[in-house]
Amino acid sequence: DIRAVVTGIGSCLPPDVVSNDDLSQVLDTSHDWILSRTGIAQRHVVRPGTSTGDLGTAAGAAALESAGRRRCDLVLLVTTTPDQPCPATAPQIAARLGMVGVPAFDLSAVCSGFVYGLTVASAMISSGGYDSVLLVGAETYSTIIDPTDRNTAVLFGDGAAAVVLERGTPGAPGEVLHAELGSDGSRSELITVPGGGSRAPHPAADEASRYFQMAGKEVFSRAVETMRRSARDVAEAVGWSMDQIDAFVGHQANARILRAVGKRLGIPADRIVCHLAEVGNTAAASIPLALAWAAAQGRISAGDRVLLTAFGGGLTWGSVALRW
Ligand code: ACO
């Protein structure tokens, strides 16, 4: 019986930080509005020229080191902000980490990217085809955000985090126990970068089409209900009651969403991991960044029951139960 187990984790945040006060110098907003409505106090941003692949490579190197490995059999990048439309960024990350020859591909599920990636990586291992996978979540939303749009510019940050998954046995530390995914493309317009693809190739007539757009209010209520249902289903599938969950790591979009999901599920507030104050919403990187941060602080330790859940563009969603 082959199981996928997480054996290493690492992250990379670009050094430059933009505070809420910095944003209120250039936008009609305030530190108090941003902090109280979202839980975000600052975000890290790349300098021009630094790419998603740069951050992903650094996070991947840190995860490999944490797992005590030099290479993996497969490299998977989850991102919405690849270095270019073609080719995928994962092969470049693999090459830069000394893994020319291994299969490498990108997977796009927006903010649900990490739970999608973890599900795929874990299936590749448990099917017996691969012994190890480097799964990287990396984003540079600063490259797709309209800096003049206060509805989105205050929310996002750049960053990357990665995990190493290896072949293990049932009960081993880090075991991925169960996952479920979903999508609803009939509401894809709620979260979108409309231009630059085959439907509206660049140079697009509409300048705004190159930027990220989100119907914040509707996404908020859908996120709460969908994450609640998805997390509940996965917890039930592995037989965890809500008070047995040691760490609830939801996609880090808004602290109010995390609190609302936790409250509806009956998860004790001190089990909800919230890393938003430090990094904002980092889309596909948000869950592994929150995991790495919580583990570094000792908020997650060996044997803990960890429930991951996400909701984002697509629309997509999913949850994963794992033992730390
Ligand atoms: N500063 C000050 N005021 C603002 C700002 C700002 N940055 N942004 C909006 N406002 C104003 C609005 O204009 C509005 O003013 P009005 O009442 O005069 O019209 C008022 O604040 C309230 O706006 P709402 O949109 O109702 O604010 P809300 O409390 O819903 O917060 C937010 C907005 C933070 C975007 C929230 O809706 C949200 O978090 N949505 C979900 C995001 C999400 O889940 N994303 C996950 C998937 S997408 C992804 O992560 C890639």
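It should be emphasised that the depicted structure is a prediction, and the values quoted were computed from it without experimental measurement.

## Digging into the domain arrangement of the protein chain
And step 1. For the protein chain, the domain assignment lists domain 1 (3-168) and domain 2 (176-323).
And step 2. For domain 1 and domain 2, the distance between their C-alpha centroids amounts to 14 Å.
And step 3. Mapped by element, the contributors of at least two residues to the side of domain 1 that touches domain 2 are β1 (3-12), β3 (42-44), α5 (113-126), β6 (132-140), α6 (150-153) and β7 (158-168).
And step 4. Looking at the side of domain 1 that touches domain 2 element by element, the count peaks at seven residues for α5.
And step 5. Among the residues forming the side of domain 1 that touches domain 2, the class breakdown is 24 nonpolar, 17 polar and five charged.

## Brief notes about the sheet that holds strand β4 (residues 74-78)
And step 1. As summarised here, the arrangement of the five strands in space is β1-β7-β6-β4-β5, forming an open sheet in which the pairing is mixed. Looking at which strands have only one partner, the edges of the open sheet turn out to be β1 and β5 (104-107). Strand-to-strand twist of the sheet, defined as the mean angle between neighbouring strand axes without regard to direction, takes the value 20°.
And step 2. Here nine bridges tie β1 to β7, and the two strands are oriented antiparallel to one another. When the bridges of β7 are listed, V6 appears paired with L165.
And step 3. Contacts from α5 reach β1, β4, β5, β6 and β7 within the one sheet, and its direction differs from that of β6 by about 165°.
And step 4. Its contacts with the sheet put helix α10 (residues 286-296) on β1, β6 and β7, and the angle it makes with β1 is roughly 85°.

## Examining the sheet that holds strand β13 (residues 316-323)
Whether parallel or antiparallel, the strands of a sheet pair through hydrogen bonds between backbone atoms.
And step 1. Within the open sheet, the four strands sit side by side as β8-β13-β12-β11. Their pairing is mixed. Every interior strand has two partners, whereas the edge strands, β8 (176-183) and β11 (247-250), have only one. Shown here is a sheet whose adjacent strand axes are inclined to one another by a mean of 10°, direction ignored.
And step 2. As paired strands, strand β12 (residues 305-312) and β13 are joined by eight bridges and run antiparallel to one another.

## Re α10
And step 1. Most of α10 sits out of view: 10 of its 11 residues are buried.
And step 2. A positive phi of about 75° marks G298, the residue just after α10.

## Some words on the UniProt feature "domain: Beta-ketoacyl-[acyl-carrier-protein] synthase III C-terminal" (unreviewed entry) in the protein chain
And step 1. Residues annotated by UniProt as "domain: Beta-ketoacyl-[acyl-carrier-protein] synthase III C-terminal" (unreviewed entry) correspond here to residues 237-324.
And step 2. Across residues 237-324 one finds 32% helix and 23% strand; the C-alpha atoms that close the span lie 18 Å apart.

## Structural notes on the site of the ligand
And step 1. Every one of the 24 residues lining the ligand counts as a neighbour, but T29, G216, F220, A253 and N254 are closest to it.
And step 2. Elements with a minimum of two residues in the shell around the ligand: α2 (31-38), α6 and α7 (216-238).
And step 3. No other element matches the five residues that α7 contributes to the shell around the ligand.
And step 4. The residue inventory of the shell around the ligand, partitioned by class, reads 13 nonpolar, eight polar and three charged.

## Considering the environment of I257
And step 1. One can find I257 in helix α8 (residues 255-265).
And step 2. Judged by the 22 C-beta atoms lying within 10 Å of it, I257 is buried.
And step 3. The spatial distance from the C-alpha of I257 to the C-alpha of S221 is 8.3 Å, given a sequence separation of 36 residues.
And step 4. In this structure I257 touches F220, A223 and V224, once residues within four positions along its chain are discounted.

## Quick look at the UniProt feature "domain: Beta-ketoacyl-[acyl-carrier-protein] synthase III N-terminal" (unreviewed entry) in the protein chain
And step 1. In the numbering adopted here, UniProt assigns the feature "domain: Beta-ketoacyl-[acyl-carrier-protein] synthase III N-terminal" (unreviewed entry) to residues 105-185.
And step 2. The span residues 105-185 shows a helical share of 22% and a strand share of 38%, and its end C-alpha atoms are spaced 22 Å apart.

## Some points on the pairing of β5
And step 1. As defined by bridge partners, β4 adjoins β5 across four bridges and the pair is classed as parallel. Residue pairing in the sheet places L77 in a bridge with D106 of β5.
And step 2. Each parallel crossover has a hand, and for β4 linked through helix α4 (residues 90-96) to β5 it is right-handed.

## Observations concerning the environment of V154
And step 1. Among the secondary structure elements, V154 is positioned in the loop between α6 and β7.
And step 2. Residues within four places of V154 in sequence aside, it is in contact with L23, T29, I34 and I40.

## What to know about unusual backbone geometry
And step 1. Of the consecutive residues C86 and P87, the connecting peptide bond is found in the cis state with omega at 0°.
And step 2. Mapped onto the elements, P87 comes out in the loop between β4 and α4.
And step 3. Cis geometry marks the peptide bond from G314 to L315; its omega dihedral reads -15°.
And step 4. Turning to its location among the elements, L315 is positioned in the loop between β12 and β13.
And step 5. Of note, A283 is a non-glycine position whose phi angle comes to about 50°, a positive value.
And step 6. With respect to the element layout, A283 can be found in the loop between α9 (276-279) and α10.

Parameters at a glance
Residues numbered from 1 in each chain as written. Predicted model: local features only at pLDDT ≥ 70, side-chain atom pairs only at ≥ 80, totals over all residues. Domains from an automatic or database assignment. Helix = DSSP H or I, 4+ residues; strand = E, 2+ residues; numbered from the N terminus. Nonpolar A, V, L, I, M, F, W, Y, C, P; charged D, E, K, R; others polar. Pairing = 2+ DSSP bridges. Axes fitted to C-alpha atoms, helices over the stretch in contact; angles between N-to-C directions. Contact = placed C-beta atoms within 7 Å. Buried ≥ 20, exposed ≤ 12 C-beta atoms within 10 Å, placed from the backbone. UniProt positions renumbered as here; feature names shortened; annotations may be inferred. Near = placed C-beta within 6 Å. Right-handed = clockwise from strand over helix to strand, strands pointing away.

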